[in-house]
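A structural walkthrough
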Amino acid sequence: MKILFVTSECAPFSKSGGLADVAFSLPPALLKEDNEIMIITPYYKCVKERFSDKVEYVMIRNVRLGNADLYCGLLKGELSGVPVWFIDNEALFYRDKLYGYDDDKFRFAWFSKAVIDVMENLDFIPEILHCNDWETALSVIYLKDDQARRPDYRNIRTVYTIHNIAYQGQFGANELTDTFALDPGWYDGGLGYVYQGRHDVNLMKGAMLMADAVSTVSPTYARELHTPQFGKGLEGVCDMIESKMYGILNGIDPAHYDPGKDPRIPCNFTADDKSGKAVCKEYIQETFGLKKERSWPLFAVVARLVEQKGIELIREILPRMMKKGIQLVIFGQGERKYVDYFNHCKELYPGQFGFSDQYTEEMAAKVFAGADFYLMPSAFEPCGLSQMMAMRYGTVPIVHETGGLKDTVRPYSDFDGIGDGFSFDSYQGKALMLAIDAAIKIYFGEHDVFEVIKDRCMRKDFSWTKSAMTYMKMYSDICGHGSDPNVTFKDAYDALEVVYTDLEELRNQYLALMPDDYQNVCQVRIEGPGEGTFYLKFTKAGMEMAPYNYEGADINIAASFDNLYNMAIGTVSADKLFVNGQMKVEGNISKGAEMRYLIGRGMER
């Protein structure tokens, strides 16, 4: 499959947040799945200054947006075998920061238009145009415009990924024609947005409606976006597009964040030999002016200092934390009020509290490697990558149960000993303090358990392998590479019936445990190709399967034939389809155990 990945930042070339890390690691993972993939991103000042010797100029052309007909340079580099194309215009991109300028709306509108215009110069007309966040949302819109005029673009399908719905690209309604050079009809055609009394243009909303598929960066975040608390005014749009919305968990590059080989950390270590972690801890204590107390637990925060990251909660409980016989390091840049406060805390708690806002990726890796616990009490977190990075270095996370934090950290339980971190549900300082107390208790009182939790963290699989397969399924869904679009309901039903019948031994094992009067009915709806409804009736005598509705069903399940079939043969789990929004479930879910035992054989894979 041919994929063009459009992003406003891409590590190591340019970075302000997690999008750059995704652009760094997802395309190479997709390349391993036998795809042709390219990245396209702006040629910023930071790229020119640091990587000009690693890119080459390919051509020069102009790109017109409205009345602006501007120079566009096209350069080419490489990232882990993936070609990276850079769009150059010094007036727009040769600046000290990536974002934060009054003309950002024009800068990224022009970039989005340039992406569509230069595709003909890449010798690469993609099957999938994969855009990210509001800065590239207009590429989805401009492609729709061009597809009406260009037959060679008409088969391109679009994916739009929301990394953080809080940043939507919301501008005055006049910008539709004045800046974005779009026909006024686009206001009513998807871009118009009325919120809190304002009539605006919302680029994210337009891309969500116009894209063939929309993804978020974790399954939990995909569900949260349907609520006013997290949807930021777009929860109604999320409801409208639910059928094409996917929640796909981000990953990290395990080779890049490998404590056994990472040249950035003071001493390498592995899950089998963690002795080097003590050396890394001592380095952080010395660097941040802390006492070299090996027995004290060292907590760390590596984050932007903004309210979203839970900094207010940390401020609230910090005096209580300092009374616990622990050390805390905070490392990150952000709002001045937080920087001033934490600098003041260095004076209040000498040798126990450390702070620096001189952020670098190299020092962040050292902090991950040296700390015992990683605090990430975010108010909301679409996915979060820092907790995954910290866990790779054996640093145990303490997180708020939201978004990707809930999907990646399993809270430790004294009851069954399962878990690889600590968490809290209610977004309050006292709840965070209780989670910290639980972690301290394990650290001091049950050191063997703490070592087991560290070991689980280091061995946990955060690679892109599984998520890349889900992306591939999404791409195939919208490109029609799944089941034959001409498949009939009878074809789909017959294929599924064969699989269910083959499960007789497993079915009998399960039903043998049921009472004599046991009966359960699952109604299953095939959506898309082969659309239709059938039911599965389970009794002690066995299973009946019939191709018609059963109004008294205990549970109702809806999914595509491809997903039902893959679930039946065990190549994908029912749980995964459900959390990704690819399977809808209604009714008495507690009575849907047969779906786990008889259909979802891949549940535990």
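All residue numbers refer to position in the chain's written sequence, counted from 1. Per-residue local features of the predicted model are confined to residues with pLDDT of at least 70, and side-chain atom pairs are confined, for both listing and counting, to 80 or more; whole-chain, interface and lining totals are unaffected and use all residues. Values shown for side chains rest on all heavy atoms present in the structure; no hydrogens or waters enter the calculation.

Thoughts on the overall build of the protein
Our working rule: The helix count covers DSSP runs of H or I at least four residues long, the strand count covers runs of E at least two residues long, and both are numbered beginning at the N terminus. Computation of the radius of gyration draws on C-alpha atoms alone. For the globule rule, the value is 2.2 Å times the number of residues to the power 0.38. Summary of the burial criterion: residues with accessible area below 20% of their type's maximum are buried, those above 50% are exposed, and those between are partly exposed, where the area comes from a 1.4 Å probe applied to protein chains only. Every residue pair with non-hydrogen atoms within 4.5 Å of one another is taken to be in contact. Positive charges come from Lys and Arg, negative ones from Asp and Glu, while His and the chain ends are left out of the count. Charge placement uses NZ in Lys and CZ in Arg. For Asp and Glu, CG and CD serve respectively.
Helix and strand content of the protein: 25 helices and 23 strands. Taking 25 Å as the expected radius of gyration for a compact globule of 605 residues, we find that the protein reaches 26 Å, a close match to that expectation. Counting only C-alpha atoms, the protein reaches 75 × 70 × 50 Å along its principal axes. Looking at the protein as a whole, 58% of its 605 residues are labelled buried. In the protein, of all internal contacts separated by at least 6 residues, the share reaching a separation of at least 24 is 71%. If you average the places of the 65 positive and of the 86 negative side-chain charges in the protein, the two averages end up 4 Å apart.

Some thoughts on the pattern of salt bridges
Cut-off, in case you're wondering: Only one rule defines a salt bridge in this text: a Lys or Arg side-chain nitrogen within 4 Å of an Asp or Glu carboxyl oxygen.
With the rule as written, the count across this model stands at 34 salt bridges. For Glu 120, the salt bridge identified is with Arg 61, shortest N-O distance 3.2 Å. Taken together, the residues span a long stretch of sequence, with Glu 120 in the loop between helix H4 (104-118) and strand E6 (128-132) and Arg 61 in strand E3 (residues 56-65) at a distance of 59 residues. Given the relative accessible area of 38%, Glu 120 is considered partly exposed. Residue Lys 292 pairs with Glu 286 through a salt bridge whose shortest N-O separation is 3.2 Å. Bridged by salt links that share partners, the residues Arg 61, Glu 120, Arg 150 and Asp 152 form one connected network.

Quick notes on the nonpolar core
The test is simple: Nine residue types can take part in a nonpolar core, namely buried Ala, Val, Leu, Ile, Met, Phe, Trp, Tyr and Cys, and a core is a set of them joined through side-chain atoms within 4.5 Å.
Ranked by internal contacts, the top residues of the largest apolar core, which has 99 residues, are Leu 4, Trp 110, Leu 129, Met 208 and Tyr 475. In terms of residue count, H4 provides more of this core than any other element does, nine residues in total. For Trp 110, the residues in contact, after removing those within four places along its chain, are Val 63, Leu 65, Leu 70, Tyr 71, Cys 72, Ile 87, Asp 88, Asn 89, Leu 92 and Phe 93. Membership of the second largest hydrophobic core comes to 77 residues, among which are Ile 284, Leu 305, Tyr 338 and Val 339.

A look at the packing of helix H12 (residues 275-287) against helix H15 (residues 361-370)
Heads up, the condition is: Fitting a line to C-alpha atoms yields each axis, with helices limited to the stretch in contact; the angle taken between N-to-C directions then spans 0 to 180 degrees. The labels follow the angle: roughly parallel below 35 degrees, roughly antiparallel above 145, roughly perpendicular from 65 to 115, and oblique for the rest. It is the rotation of the near helix from the far one that decides the hand of a crossing: anticlockwise by less than a right angle makes it left-handed, clockwise makes it right-handed.
Running from N to C, H12 and H15 cross one another at 120 degrees; their axes reach a closest spacing of 7 Å. When the axes of H12 and H15 are compared, the pair comes out oblique. Where H12 crosses over H15, the handedness of that crossing is left-handed. Packed against H12, whose contacting residues are Lys 277, Cys 280, Lys 281, Tyr 283, Ile 284 and Thr 287, the element H15 presents Met 363, Lys 366, Val 367, Phe 368, Ala 369 and Gly 370 at the interface.

Details of the sheet that holds strand E11 (residues 213-216)
Heads up, the rule is: At least two DSSP bridges between two strands are needed for those strands to be called paired.
Read across the sheet, nine strands follow the order E3-E4-E5-E2-E1-E6-E7-E11-E12 without closing on themselves; strand pairing throughout is mixed. Taken across any chain shown, the strands that pair with only one partner, and hence form the sheet edges, are E3 and strand E12 (245-247). Direction aside, the axes of adjacent strands within the sheet are offset by 25 degrees on average. Across seven bridges, the pairing between strand E4 (residues 68-79) and strand E5 (residues 82-88) is antiparallel. Opposite Gly 73, over in E5, you have Asp 88 as the bridge partner.

Describing the pairing of E11
Alternating residues of E11 divide into Ala 213 and Ser 215 and Val 214 and Thr 216, and every residue in both groups is buried. One ladder, built from four bridges, connects strand E7 (residues 157-162) with E11; its direction is parallel. By the bridge assignment, Tyr 160 is partnered in E11 with Val 214. Relative to E12, E11 runs parallel, the two being bridged by three bridges.

Examining the environment of Thr 41
Counted only if it meets this: Any pair of nitrogen or oxygen atoms within 3.5 Å is treated as a polar contact; in protein, a donor-acceptor pairing is required on top of that, and neighbouring residues in sequence qualify only through side-chain atoms on both sides.
With respect to the helices and strands, Thr 41 occurs in strand E2 (residues 36-42). For the pair Thr 41 and Phe 13, spaced 28 residues apart in the sequence, the C-alpha separation amounts to 9.5 Å. Apart from the residues within four sequence positions on either side, Thr 41 is in contact with Thr 7, Ser 8, Glu 9, Cys 10, Val 84, Trp 85, Phe 86, Ile 87 and Phe 111. One polar contact links the side chain of Thr 41 to the main-chain carbonyl oxygen of Thr 7, over a distance of 2.9 Å.

A few points about the state of the cysteines
Cut-off, in case you're wondering: We call a pair of cysteine sulfur atoms a disulfide when they lie within 2.5 Å.
Counted under the stated rule, the structure contains zero disulfides. Cys 72 takes part in no disulfide bond, and the closest cysteine sulfur to it belongs to Cys 131, at a distance of 16 Å. We note that Cys 383 lacks a disulfide partner, and the nearest cysteine sulfur, in Cys 457, lies 16 Å from it.

Side note on the environment of Val 396
With respect to the helices and strands, Val 396 occurs in strand E17 (residues 396-400). On a C-alpha basis, the gap between Val 396 and Phe 422 in space is 7.8 Å, while along the polypeptide they are 26 residues apart.

Examining the packing of aromatic side chains
A ring pair, where both rings are aromatic, is described by two values, the distance of the centres and the angle of the planes. Counted only if it meets this: Any two of the Phe, Tyr and Trp rings considered here, Trp counted by its six-membered ring, make a pair once their centres fall within 6.5 Å; the pair's planes then place it as stacked at under 30 degrees, edge-to-face at over 60, or tilted in between.
Tallied over the entire structure, the rule returns 30 aromatic pairs. Aromatic pair Phe 13 and Phe 51: ring centres 5.0 Å apart, planes at 70 degrees, arrangement edge-to-face. You can see Phe 13 sitting in the loop between strand E1 (2-6) and helix H1 (18-31) and its partner Phe 51 sitting in helix H2 (residues 45-51), a full 38 residues away along the chain. Under the relative-accessibility criterion, Phe 51 is labelled buried at 11%. Considering the side-chain rings of Phe 373 and Phe 450, the 5.2 Å spacing of their centres and the 45 degrees angle between planes classify their relative orientation as tilted. Within this pair, whereas Phe 373 is found in strand E16 (residues 373-376), its partner Phe 450 is found in helix H19 (residues 447-459), the two being separated by 77 residues in sequence.

Brief notes about the sheet that holds strand E21 (residues 542-546)
Strand order in the open sheet formed by five strands is E21-E20-E19-E22-E23, and the pairing between neighbours is mixed. Looking along the sheet, the strands with just one partner apiece sit at the ends: E21 and strand E23 (583-587). Mean inter-strand twist for the sheet, computed between neighbouring axes without regard to direction, equals 20 degrees. Judged from the five bridges that link them, strand E20 (residues 532-539) and E21 form a sheet pairing that is antiparallel. Within the sheet, the bridge partner assigned to Lys 537 lies in E21 and is Glu 544.

Brief notes about the pairing of E5
When you tally the buried positions in E5, you get seven out of seven residues, the bulk of the element. Burial along E5 is two-sided: Val 82, Val 84, Phe 86 and Asp 88 facing one way and Pro 83, Trp 85 and Ile 87 facing the other are all buried. Looking at chain direction, E2 and E5 are connected through four bridges and run parallel. In the sheet register, Thr 41 faces E5, and the bridge partner there is Phe 86. In sequence, E4 turns back onto E5 through a hairpin of two residues, with Ser 80 there showing a positive phi of about 50 degrees.

Description of the packing of H4 against helix H5 (residues 137-147)
For any two helices packed against each other, one specifies the crossing angle of their axes together with the interaxial distance. Stated formally: Polarity classes work like this: nonpolar for Ala, Val, Leu, Ile, Met, Phe, Trp, Tyr, Cys and Pro, charged for Asp, Glu, Lys and Arg, and polar for all others, with Gly in that last group.
Contact geometry of H4 with H5 gives a least axis separation of 8 Å together with a crossing angle of 45 degrees. The pairing of H4 with H5 is recorded here as oblique in orientation. Between H4 and H5 lies a crossing whose hand is right-handed. Contacts between H4 and H5 involve Ala 109, Ser 112, Lys 113, Val 115, Ile 116 and Asp 117 from the former and Leu 138, Ser 139, Tyr 142, Leu 143 and Asp 146 from the latter. When the residues that make up the contact of H4 with H5 are grouped by side-chain class, the tally is six nonpolar, two polar and three charged.

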